[in-house]
Number of protein chains: 2
Amino acid sequence: MANLEKPGLEVCLSPALLHLYDTKGAIVVIIDIFRATSTITAALHNGAKCVIPVASVSECITIGENLPGSITAGERDGKIAEGLQYGNSPLEYPAEFILGKTLVLTTTNGTRLLHMVKGASEILIGSFLNLSALCDYLISKNSRVLLGCASWKDRFNLEDTLFAGAVVDRVQHAFDINCDGARAAKHLYAQSKGNYIDFLTDSSHYRRLSAYGLQHDMEYCATADLHPVVPYLDGNQIII
Amino acid sequence: MANLEKPGLEVCLSPALLHLYDTKGAIVVIIDIFRATSTITAALHNGAKCVIPVASVSECITIGENLPGSITAGERDGKIAEGLQYGNSPLEYPAEFILGKTLVLTTTNGTRLLHMVKGASEILIGSFLNLSALCDYLISKNSRVLLGCASWKDRFNLEDTLFAGAVVDRVQHAFDINCDGARAAKHLYAQSKGNYIDFLTDSSHYRRLSAYGLQHDMEYCATADLHPVVPYLDGNQIII
């Protein structure tokens, strides 16, 4: 007889709430739409050998110095951090540049959440850029899932939650969902009517990054399925 | 020249995120729709002398024993807690019963958040039952506001956030709002189209309390403006 029980799916809205969820044995999806997980997805689909996510600028520099064929990247306050070579934009990493290279990337929110998750069976990278590929994969695995929003310095944010809602909307038939975070995310997704960037124009992060002239960047990050891959953490590297 | 700057308004979605907000000098609204803040609002409007919120059952019993004219109330797992006299339902406290009495009430989430808030200029009680009265008061004060969702054991919940969204919708013209928690709450409110209880039927807390047969209770808690008062904390007592 087939097992009719569906696996659970929950949404954690901030790293500060992560301790409330059981990550042990779960598939955990890291979500940092503006812009860590979008950049990681784009770089890998464009041929990066791997992405090494690190927490600090100094660590980024050290690893870059010791790793031939690597480039270091990261921003602080919307500018390339001192000592690093490139920024956080997915548009900086087209195939003709990133192919075969290792991207050593430092970001604040996404990297931090990624390093906080303990005991997961898999840690995946989620972004609008790989939305359908990710959803297909989650459905195929038939295993418990936690969607983890990286948020902004632990503060709830709209873009990560909207993406979680887009995932919930697509995979809900395959999961047993009893989580108000997931319900709220789905409601936000319904409110957006699929016009992600229009919906996100009135959000804290959009306003913050707009001040740096990054509207085009954010529009790219809010575009579905440009990079149909499912990046995952393997040791200290993210690969596809 | 008139001061055209509007005060800020933010929404904190869980007590576990409270440290991210500046409560000092702010008006903080405690929100615990199912059912602490609904019961407090109803009891006070029905003539209770005051409500004393306490964290534990034993504290509730001790205060009740030493306070003539008081009644002790509180539930654990949907039943009146051992040693207490009444439960958490707003329907248990009609005027003919509660008039002139002190209600010593122990609840888990609402009381905890209330005791966590430090340095606020005022601590108010918010529920659908006093929605308009609360909103009118907030607008009249022209002062910074934090809407604090009591949530469920630190987990985001739909009913408190929906209420926060109803408040945001009504007061937004009078405040400067740049908070994704507030935006999400407002979107949820928009999704509900004002049909609070229908919207909340698919929520964790509704499901949990339904198992105890409390549907009618929750319907009452989701009814706007039955008790147009603005309860506030004065020392260790909540009064109107």
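The structure displayed is predicted, hence computed values, not measured ones.

So what exactly am I meant to see when it comes to the relation of the copies chain B and chain A here?
With an axial shift of 0.0 Å and an RMSD of 0.0 Å, the rotation relating chain B to chain A amounts to 180°. Read as a symmetry element, the transformation amounts to a two-fold axis. Looking at chain B, 100% of its interface residues are interface residues in chain A too, so the copies touch through the same face.

Please clarify how helix H2 (residues 57–65) of chain A should be interpreted in this entry.
Every α-helix winds through 3.6 residues per turn, so residues three or four apart in the chain are directed the same way. Residue and element names in this part refer to chain A. Restricting attention to buried positions, one finds in H2 the residues Cys60, Ile61 and Gly64. The buried residues of H2 occupy an angular sector of 95° when the element is viewed end-on, so they sit on one face. For H2, the secondary structure elements touched by its buried residues are strand E3 (50–54), strand E4 (70–76) and strand E6 (102–106).

In this structure, what is going on with the pairing of strand E2 (residues 27–31) of chain A? I would like to understand it.
Remember that side chains alternate between the two faces of the sheet whenever the strand is regular. Residues and elements named next belong to chain A. Burial analysis of E2 places five of its five residues in the buried class, the great majority of the element. Side chains Ile27, Val29 and Ile31 of E2 all project onto a buried face; the interleaved residues Val28 and Ile30 project onto the opposite face, where all are buried too. In this structure, E2 lies alongside strand E7 (residues 122–126), joined through five bridges in parallel fashion. Paired with Ile27 across the strands is Glu122, a residue of E7. Note that E2 and strand E8 (residues 145–149) share five bridges and pair parallel. Paired with Ile27 across the two strands is Val145, which belongs to E8.

Honestly, the interface of chain B and chain A in this entry has me stumped. Any pointers?
How large an interface is tends to be reported as the accessible area lost when its parts come together. Listed by partner, the interface residues are 25 residues for chain B and 25 residues for chain A. At eight residues, the largest contribution of residues to the side of chain B that touches chain A is made by helix H7 (residues 180–192) of chain B. The residue makeup of the side of chain B that touches chain A, split by class, is ten nonpolar, nine polar and six charged.

Would you mind showing me how to read the packing of helix H6 (residues 158–171) of chain A against helix H7 (residues 180–192) of chain A here?
A pair of packed helices is characterised by two quantities: the angle between their axes and the separation of those axes. Residues and elements named next belong to chain A. Packing of H6 against H7 leaves a shortest axis separation of 7 Å and a crossing angle of 95°. The pairing of H6 with H7 is recorded here as roughly perpendicular in orientation. When H6 is examined against H7, the residues Thr161, Leu162, Ala164, Gly165, Ala166, Val168 and Asp169 are found in contact with a partner set consisting of Ala182, Ala185, Lys186, Leu188, Tyr189 and Ser192.

Would you explain unusual backbone geometry in this entry?
Negative phi characterises most residues that are not glycine, and trans characterises most peptide bonds. Residues and elements named next belong to chain A. Of note, the bond from Phe34 into Arg35 is cis; its omega dihedral lies within 30 degrees of zero at 5°. For Arg35, the position within the fold is in the loop between E2 and helix H1 (36–45). We note that Asn142 has phi near 50°; this positive angle belongs to a residue other than glycine. Positive phi, normally seen in glycine, also occurs at Lys153, with a value near 50°. Among the secondary structure elements, Lys153 is positioned in the loop between E8 and H6. For Lys153, a count of 13 C-beta atoms within 10 Å puts it in the partly exposed group.

What counts as what
- Every chain is numbered on its own, with residues counted from 1 as its sequence reads.
- A letter from A marks each chain and a number from 1 marks each ligand, given out in the order of writing.
- Predicted model: local features are reported for residues with pLDDT of at least 70 only, side-chain atom pairs are reported and counted for 80 or more only, and whole-chain, interface and lining totals are derived from all residues.
- For this overlay, a least-squares fit was computed on C-alpha atoms, restricted to residues scoring pLDDT of at least 70 in both copies.
- Residues are defined as contacting one another if the C-beta atoms placed from their backbone atoms lie within 7 Å.
- Remark: C-beta atoms are placed from the backbone, and a residue is labelled buried if 20 or more other C-beta atoms sit within 10 Å of its own, exposed if 12 or fewer do, or partly exposed between those counts.
- A run of DSSP states H or I qualifies as a helix once it reaches four residues; a run of E qualifies as a strand once it reaches two. Both are numbered from the N-terminal end.
- Arc definition: directions from the helix axis to the C-beta atoms.
- Whether two strands pair comes down to DSSP finding at least two bridges between them.
- Note on residue classes: Ala, Val, Leu, Ile, Met, Phe, Trp, Tyr, Cys and Pro are nonpolar, Asp, Glu, Lys and Arg are charged, and everything else, Gly too, is polar.
- A fitted line through C-alpha atoms represents every axis, and for helices the fit uses only the stretch in contact; the resulting angles, taken between N-to-C directions, go from 0 to 180 degrees.
- Angle categories are assigned with fixed cut-offs, so that under 35 degrees is roughly parallel, over 145 is roughly antiparallel, 65 to 115 is roughly perpendicular, and the rest are oblique.

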